[in-house]
Amino acid sequence: MLEQIGVTALAEVDEALARHATLALEGGAVLLFPAFPFVLLPGEAALISAGQAAGTAKNISFDPAKDALKGTGLEGAERGCLAGMMRRYGEFTEALVRTVLPAYASGLTRARTSFRPVEVDGRARSWRQDDTRRHVDAFPTSPVQGRRILRVFANVDQDGTPRRWRVGPDFEAYAREFWPLKQPLPGAASLRHLLGLTKTKRSHYDEAMLALHDAAKRDMGWQNSSPAEEISFLPGQVWMVFTDQVAHGALSGRNALEQTFLVEPECMLLPERAPLGVLSRLAGRDMRRPLW
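Residues numbered from 1 in each chain as written. Predicted model: local features only at pLDDT ≥ 70, side-chain atom pairs only at ≥ 80, totals over all residues. Heavy atoms only, no water.

Colleague: Describe the overall build of the chain, naming the residues involved and giving the relevant values.
Modeller: If you tally the helices and strands in the chain, you get 8 helices and 11 strands. Rg of the C-alpha trace for the chain: 19 Å, near the compact-globule value of 19 Å for 292 residues, within the 12% margin. Taking the principal axes of the C-alpha coordinates as reference, the chain spans close to 55 × 45 × 40 Å. Burial statistics for the chain: of 292 residues in total, 51% are counted as buried. Sequence-distant contacts in the chain: of pairs separated by 6 or more residues, those separated by 24 or more amount to 86%. Looking at the chain as shown, the accessible area adds up to about 12,700 Å², and 54% of this sits on carbon and sulfur atoms. Across the chain, 36 positive and 34 negative side-chain charges occur, with their mean positions spaced 7 Å apart. (Helix = DSSP H or I, 4+ residues; strand = E, 2+ residues; numbered from the N terminus. Rg over C-alpha atoms; globule rule 2.2 N^0.38 Å. Buried < 20%, exposed > 50% of the residue type's maximum accessible area, 1.4 Å probe, protein only. Contact = heavy atoms within 4.5 Å. Areas by Shrake-Rupley, 256 points an atom, 1.4 Å probe, with all protein chains shown as cover. Lys, Arg positive; Asp, Glu negative; His and termini not counted. Charge placed at Lys NZ, Arg CZ, Asp CG, Glu CD.)

Colleague: Quick rundown of unusual backbone geometry? Include the residues and the values.
Modeller: That bond from Gly168 to Pro169 is cis: its omega, 0°, falls within 30 degrees of zero. Along the polypeptide, Pro169 turns up in the loop between strand 7 (163–167) and helix 4 (171–178). In this structure, Pro180 follows Trp179 across a cis peptide bond, with omega equal to 0°. Relative to the helices and strands, Pro180 is located in the loop between helix 4 and helix 5 (188–194). Notably, Gln145 is not glycine yet its phi reads approximately 55°, a positive angle. Tracing the sequence through the fold places Gln145 in the loop between strand 5 (108–116) and strand 6 (148–155). When its relative accessible area of 36% is taken as the criterion, Gln145 is described as partly exposed. Even without a glycine there, the phi angle at Asn255 is positive, about 55°. Relative to the elements of secondary structure, Asn255 occurs in the loop between strand 10 (248–252) and strand 11 (256–263).

Colleague: Give a detailed account of the sheet that holds strand 8 (residues 229–233), specifying residues and quantitative values.
Modeller: The strand order across the open sheet formed by 3 strands is 8-7-10, and the pairing between neighbours is antiparallel. The open sheet has two free edges, formed respectively by strand 8 and strand 10, since each of these has just one partner strand. For this sheet, the mean angle separating the axes of adjacent strands, direction not counted, is 30°. Two elements, strand 7 and strand 10, share 4 bridges in a ladder whose sense is antiparallel. What sits directly across from Arg166, in strand 10, is Gly249. (Pairing = 2+ DSSP bridges. Axes fitted to C-alpha atoms, helices over the stretch in contact; angles between N-to-C directions.)

Colleague: Break down the pattern of salt bridges for me, citing the residues and quoting the values.
Modeller: Under the counting rule described, the total for this entry stands at 24 salt bridges. The shortest N-O distance in the salt bridge between Arg254 and Asp157 comes to 2.9 Å. Separated by 97 residues along the polypeptide, Arg254 in the loop between strand 10 and strand 11 and Asp157 in the loop between strand 6 and strand 7 bring together distant segments of the chain. Residue Glu207 is joined to Arg192 by a salt bridge in which the shortest nitrogen-to-oxygen separation is 3.9 Å. Taken together, the residues span a long stretch of sequence, with Glu207 in helix 6 (residues 204–218) and Arg192 in helix 5 at a distance of 15 residues. With relative accessibility at 25%, the residue Arg192 sits in the partly exposed group. Residues participating in the shared-partner salt-bridge network are Arg116, Asp137, Arg151 and Glu258. (Salt bridge = Lys/Arg side-chain N within 4 Å of Asp/Glu carboxyl O.)

Colleague: Provide a residue-level description of the packing of aromatic side chains, including the pertinent values.
Modeller: Applying the stated rule across the entire model yields 14 aromatic pairs. Taking the centre distance of 5.3 Å and the plane angle of 15° together, the rings of Phe36 and Phe92 count as stacked. Here Phe36 is found in the loop between strand 2 (30–33) and helix 2 (42–49), whereas its partner Phe92 is found in helix 3 (residues 76–100), with 56 residues between them in sequence. Taken as a pair, Phe36 and Phe92 share a single burial class, namely buried. Between the NZ or CZ atom of Arg134 and the centre of the ring of Trp222, over which it lies, the distance is 4.6 Å. Here the basic side chain of Arg148 rests over the ring of Phe242, its NZ or CZ set 3.9 Å away from the ring centre. (Phe/Tyr/Trp six-rings, centres within 6.5 Å; stacked < 30°, edge-to-face > 60°. Lys NZ or Arg CZ within 6 Å of the ring centre and 35° of its normal.)

These figures capture arrangement, not role.
This is the structure:
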């Protein structure tokens, strides 16, 4: 489940390594880069050490398209420092993804960057918002319509705190556990879009992925008994994973950076292992079709 990529510079990545990394990722692995950290600038490290970035929001987000920061009460130089760190992280991760996963270059979109300063363990939450429970990612308001959700993380904690995850099982086993899924009401997708609740209209795929997300988080029997392994990511480490494929829960940790990418399904080397391929096979139809 964990595949270590031991490069210290992007120049070390050759065609063979890139193919190996891509196949491992699409097979459901978490790719860890133990010797290729995202290095903070002195002001950024000081900001995190002082706990100044932490606020009431679980995530602080940076939109690269608008160069806009949301979710923090920081102002002035501190706000500029935080925005600069997140902007640099987005650029760092895009260079990493385009180099290590060149098959995705033509279908890659960089979405929002997030900073997660708050300790995961002990945070009050509802079952649906409880990220310690294993789940696959799906976006309620931003349908992906079959595009993959690739996320790159970095533990930038300055006090030595690891970020602990619990991952597993394989996506097909996960999907079969909760299949068949409850079908949405006719016209629900069109109504949500008309009311502005979704940015685009949901497909059968989007509805199924949201149902799988909720079914797993709701089912504590499955959470406690299904196969899983624990991984600890140390400060300084960078890792990437298809969070729409790998069931994951963050058990503890703070001060993590995350960059989301969307990848077109046509770029996959193993389309049959992707959630779109698995769900289309289970349903007996192309799940990218729009809902009513």
